[in-house]
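Secondary and tertiary structure notes
Chain by chain, the residues run as shown.
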2 protein chains.
Amino acid sequence: MPDPAVVLVEDEPQIRRFLRATLTGQGYRLFEATTGAAGLVEVGSRQPDVVIVDLGLPDMDGLDVIRRLREWTAIPIIVLSARGQERDKVMALDVGADDYVSKPFGAGELLARIRVALRHAAGATREGDETPFTVDDLHVDLLRRQVFVAGKEVHFTPIEYKLLTTLVRHAGRVVTHQQLLREVWGPAHTDQAHYVRVYMAHLRHKLEAEPARPRYLLTEPGVGYRLAADWSGSGRA
Amino acid sequence: MPDPAVVLVEDEPQIRRFLRATLTGQGYRLFEATTGAAGLVEVGSRQPDVVIVDLGLPDMDGLDVIRRLREWTAIPIIVLSARGQERDKVMALDVGADDYVSKPFGAGELLARIRVALRHAAGATREGDETPFTVDDLHVDLLRRQVFVAGKEVHFTPIEYKLLTTLVRHAGRVVTHQQLLREVWGPAHTDQAHYVRVYMAHLRHKLEAEPARPRYLLTEPGVGYRLAADWSGSGRA
DNA sequence: TGGCTTCTTCACGCCGCCTTTACGACGGGA
DNA sequence: TCCCGTCGTAAAGGCGGCGTGAAGAAGCCA
């Protein structure tokens, strides 16, 4: 995720200043509105990851802002309020707010509750997570745990697969023997350099047309191995 | 949804009594535990819709309870605590809690926050979930709880059915032994790997034409199992 | 209570995977 | 030219995972 975006709907200047410092300091992109009407527009145009709404706005009831937002979006809404009465909380939460923080509040708590909101949003949209990797005739689908070479599925043993995916996750960059041993066999086996040699041979047999002249699994002598990322027809022909 | 289930992990008797009256009065099914260890077991066996945890438990740190739960489930967790310090809140929220309510609290507020949690859970589990699943000659109807093989209905025992539907819900992707054990037998049985073997054999006998050469229930050696999602006639011919 | 289904547990045989070892090819340095 | 380290390859042995049958234990219903 790039820097998360937050829309803040708040009329009191000093709280705006406080939150601006807090949020931008943590790397959030912040968009501010001082009225409910402007807040609705801002949320619509920015499509932020979180909305923070003060209940005590000059032009309209904060509860109405929440209701209007909930007509079309599920973006997490955190309510700020000077009123700590229970019935205020219940009403705000029941019309669609996800959290309610009473003033005065600490920056740390608000930030933590924003993180919770982002976590929820991430959980909802997840699963486009591990995007498939493709170079030339090689296709690796991390999510399905399937590998295709020239369109045909190829089977891999657990260690083979782990080794391959380790290289895929660092595609284009050199991965040292140490790194491979640590990530595939575990930190207790970083001295067994020959493991990597043996298994690299297995991989090449399964996915290179000419194992002796590899196009994907390249040796970086004295250092480690590298998975070709951008197949431009380069290299030894 | 039937009556939502809540697991309450709380050692103080009077708060338990108070919440029991409040929650059962609102139609919730309530399961109680007075220690962290018992709470973990209870959540595993009941698979509730919400968990309420008191941070001040006699046997283990409440934060550890949250961490242990988050290793395998995303069930909403609401923290109760006598400590209202900001750093307590931040830590609890950051290890995986979804909300934090300081004592003393009102019944209305807690109920409202439970409703928020249920709303989130409902949104998360949706996703075209209950649509019937079909590959080739296999047809699974989650809603009717019926399974057809080559047009004929086949009967399954509870565990068989749960195992099958777990695979269906992840169709096409590998499901690890751990995952299957957790979701079918509960997190207390993740070390009984042979259960899966035995029941996979049952499933294959009931829905594979040649149990010895499965077309649907594929073994992913060393990892787990996979239900074939796109039957392309591929594989061993 | 008896009979039925279902779940748990165990033992056995097979096959595949991991580990280990050995050897040959290649290249750089003395 | 010889030596040595790195790399690739092949093969063998042991171990563990997997599938299977079957029997005991635990419910469930009549």
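Our subject in this report is the structure included herewith. Being a predicted model, the structure only gives us computed values, none of them experimental. (Residues numbered from 1 in each chain as written. Chains lettered and ligands numbered in written order. Predicted model: local features only at pLDDT ≥ 70, side-chain atom pairs only at ≥ 80, totals over all residues. Heavy atoms only, no water.)

For helix α6 (residues 158–169) of chain B, which comprises 12 residues, the first-to-last C-alpha distance of 16 Å matches the rise-based estimate of 16 Å (1.5 Å per residue) to within 8%. Those residues of α6(B) not exposed but buried are Glu160(B), Tyr161(B), Leu163(B), Leu164(B), Thr165(B), Thr166(B), Leu167(B) and Val168(B). (Helix = DSSP H or I, 4+ residues; strand = E, 2+ residues; numbered from the N terminus. Expected span 1.5 Å × (residues − 1). Buried < 20%, exposed > 50% of the residue type's maximum accessible area, 1.4 Å probe, protein only.)

Of all residues adjacent to DNA strand D, which total 19 residues, the nearest are Thr219(A), Tyr225(A), Arg204(B), Thr219(B) and Tyr225(B). Among atoms of DNA strand D positioned within 4 Å of the protein, sugar and phosphate together represent 62%. Arg204(A) places a polar side-chain atom, nitrogen or oxygen, 2.8 Å from a phosphate oxygen of DNA strand D. Here a phosphate oxygen of DNA strand D and a side-chain polar atom of Thr219(B) are 2.5 Å apart. Where the surface near DNA strand D is concerned, the elements lending two or more residues are α8 (193–207) of chain A together with α8 (193–207) of chain B. Of all the elements, α8(A) adds the most residues to the surface near DNA strand D, at five residues. For the surface near DNA strand D, the residue count by class is seven nonpolar, eight polar and four charged. (Near = heavy atom within 4 Å. Polar contact = N/O pair within 3.5 Å; in protein donor to acceptor, adjacent residues only side chain to side chain. Nonpolar A, V, L, I, M, F, W, Y, C, P; charged D, E, K, R; others polar.)

Around DNA strand C, the structure places 20 residues, and the nearest of them are Thr157(A), Trp185(A), Tyr195(A), Thr157(B) and Tyr195(B). Taking all atoms of DNA strand C within 4 Å of the protein, the share assigned to sugar and phosphate is 80%. One of the side-chain N or O atoms of Tyr199(A) is found 3.0 Å from a phosphate oxygen in DNA strand C. Interatomic distance of 2.9 Å between a side-chain N/O atom of His155(B) and a phosphate oxygen of DNA strand C. Its residues placed into classes, the surface near DNA strand C shows 12 nonpolar, eight polar and no charged.

All names here are of chain A. With five of its five residues buried, strand β3 (residues 50–54) lies for the most part within the structure. Neither face of β3 is left uncovered, since the one carrying Val50, Ile52 and Asp54 and the one carrying Val51 and Val53 both have all their residues buried. Pairing of strand β1 (residues 5–9) with β3, which is carried by four bridges, proceeds in the parallel orientation. Within β3, the residue paired with Val6 across the bridge is Val50. Where β3 and strand β4 (residues 77–81) come together, four bridges link them in parallel fashion. Counterpart to Asp54 in the pairing with β4 is Leu80. Tracing the backbone out of β3, into helix α3 (residues 62–70) and back to the parallel element β4 gives a crossover that is right-handed. (Pairing = 2+ DSSP bridges. Right-handed = clockwise from strand over helix to strand, strands pointing away.)

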